[in-house]
Amino acid sequence: MSRVAYVNGRFVPHGEAAVHIEDRGFQFADGVYEVWAVFGGALADAEGHFERLERSLGELSITPPMGRAALAVVLKETVRRNRVREGLVYLQVTRGVAPRDHAFPKPEVPASVISTAHSIDRALTEARAERGAAVITVPETRWARCDIKTVGLLPNVLAKQQARKAGAVEAWFVDELGLVTEGASSNAWIIDKSGALRTRDTQANILRGITRETLLKVMAREGLKLEERPFSLEEAKEAKEAFITGAGTLVLPIVSIDGRPVNGGEAGPVAKRLRRLYIEEARRTAI
Ligand SMILES: Cc1ncc(COP(=O)(O)O)c(C=O)c1O
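Residues numbered from 1 in each chain as written. Predicted model: local features only at pLDDT ≥ 70, side-chain atom pairs only at ≥ 80, totals over all residues. Heavy atoms only, no water.

**Student:** Sorry if this is basic, but what is going on with helix α4 (residues 122-131) here?
**Tutor:** In an α-helix there are 3.6 residues to a turn, and that puts residues three or four apart on one side. Buried within α4 are the following residues: Arg-122, Thr-125 and Ala-129. The buried residues of α4 all sit within an arc of 65° when viewed along its axis, so they share a single face. Facing away from the buried side of α4 by more than 90 degrees, the exposed set consists of Ala-123, Leu-124, Glu-130 and Arg-131. Among the structural elements, β3 (31-39), β5 (87-94), β14 (250-257) and α8 (269-285) are those in contact with the buried residues of α4. (Buried < 20%, exposed > 50% of the residue type's maximum accessible area, 1.4 Å probe, protein only. Helix = DSSP H or I, 4+ residues; strand = E, 2+ residues; numbered from the N terminus. Arc of directions from axis to C-beta. Contact = heavy atoms within 4.5 Å.)

**Student:** Can you walk me through helix α6 (residues 210-222) in this structure?
**Tutor:** Over its 13 residues, α6 extends 19 Å from the first C-alpha to the last, a length consistent with the 18 Å expected when each residue adds 1.5 Å. Considered for burial, the residues of α6 that qualify are Ile-210, Thr-211, Arg-212, Thr-214, Leu-215, Leu-216, Val-218 and Met-219. Of the residues flanking the end of α6, it is Gly-223, one or two places downstream, whose phi is positive at about 70°. (Expected span 1.5 Å × (residues − 1).)

**Student:** Please explain the site of the ligand as it appears in this structure.
**Tutor:** Surrounding the ligand, one finds 19 residues, the nearest of these being Lys-149, Glu-182, Ile-210, Thr-211 and Ala-247. A distance of 2.6 Å is found between a nitrogen atom of the ligand and a side-chain nitrogen or oxygen belonging to Glu-182. Thr-211 places a side-chain nitrogen or oxygen 2.6 Å from an oxygen atom of the ligand. Broken down by secondary-structure element, the contributors of at least two residues to the shell around the ligand are α2 (46-59), β9 (180-183), α6 and β13 (241-246). (Near = heavy atom within 4 Å. Polar contact = N/O pair within 3.5 Å; in protein donor to acceptor, adjacent residues only side chain to side chain.)

**Student:** So what exactly am I meant to see when it comes to the nonpolar core here?
**Tutor:** Across soluble globular proteins, nonpolar side chains show a tendency to be buried alongside one another. With 24 residues, the main nonpolar core has Trp-36, Leu-43, Val-89 and Leu-91 as its most contacted residues. Listed by contribution, the elements that provide at least two residues to this core are β3, α2, α3 (68-81), β5 and β6 (112-119). A total of five residues in this core trace back to one element, the largest contributor, which is α3. Counting residues in each nonpolar core, the second largest holds 23 residues, with Ala-37, Ala-44, Leu-197 and Ile-279 among its members. (Core = buried A, V, L, I, M, F, W, Y, C linked by side-chain atoms within 4.5 Å.)

**Student:** Is there a simple way to explain the packing of α2 against α3 in this structure?
**Tutor:** Axis separation between α2 and α3 bottoms out at 11 Å; the angle between their running directions is 120°. Between α2 and α3 lies a crossing whose hand is right-handed. Only Arg-68, Leu-71, Ala-72 and Leu-75 of α3 make contact with α2, whose side of the interface consists of Glu-47, Phe-50, Glu-51, Leu-53 and Glu-54. Grouping the constituent residues of the contact of α2 with α3 by class yields five nonpolar, no polar and four charged. (Axes fitted to C-alpha atoms, helices over the stretch in contact; angles between N-to-C directions. Left-handed = near helix turned anticlockwise from the far one by under 90°. Nonpolar A, V, L, I, M, F, W, Y, C, P; charged D, E, K, R; others polar.)

**Student:** Just checking my understanding: could you explain the sheet that holds β3 for this structure?
**Tutor:** As summarised here, the arrangement of the six strands in space is β2-β1-β6-β5-β3-β4, forming an open sheet in which the pairing is antiparallel. Each edge of the sheet is formed by a strand with only one pairing partner; in this case those strands are β2 (10-13) and β4 (42-43). Bridge analysis of strand β1 (residues 4-7) against β6 gives two bridges, and the strand direction is antiparallel. Opposite Tyr-6, over in β6, you have Ser-115 as the bridge partner. (Pairing = 2+ DSSP bridges.)

Here it is, written out as structure tokens:
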């Protein structure tokens, strides 16, 4: 089946999809992105991702290329044309094409917008979630605006590559105080010794994960004990369970941290239950 991509107003064959060499996303990472999980051909946590996209654009003073309704049409059409029922849809918006100069183009140029989608084999990802996954840790080396979902992801790329080499799915960043900030492409959680669910608050320099947000609502509904406060690497290593959240991984149990087993090296029951509850909620509310 041939894939197609959306590029600045047109759907084109994926293999031919291209942006200009002076696109500021290419030259300066001057752009933002979003990723929606797709369930049954519909967008999960749609509004949360739109809100965060608008916020990211606002923080970079990039004029939104179109309104939410039009963007939703682009995303759904990308999903439909690629025949994705279960998968991911990606959107990137950059400040546009202009002669290379660090300062913003003057006058403003139209933002560049691209979107792609691909299918995910849920049977495979469910099997992986059953087994659980490993994380390694790396020093926090990123800039002070990790709340903006920019395409400037080099520290995340290097961290993820280190994880891959170690046979892990994710790398957790650890700050100078020994506290876990978040993963290279996910939020980090533990269930501490007291049984409380812990994840870092979003006042800190991390991305406000949309999967995290939905899961917080699910947890509140389930009456689970929750503490939005940082945890240290030491606490994580002693935790009853650990897991990560993100549009790509949903809720994924973590079974080892830097090679040290968590929950005896098995996916924890609470993390597995939260995965099921999140997926139910995301499927139910997908649009
Ligand atoms: C650095 C980082 N933190 C957290 C997340 C999780 O965010 P979301 O749940 O919105 O996918 C991501 C997702 O890509 C990420 O890149």
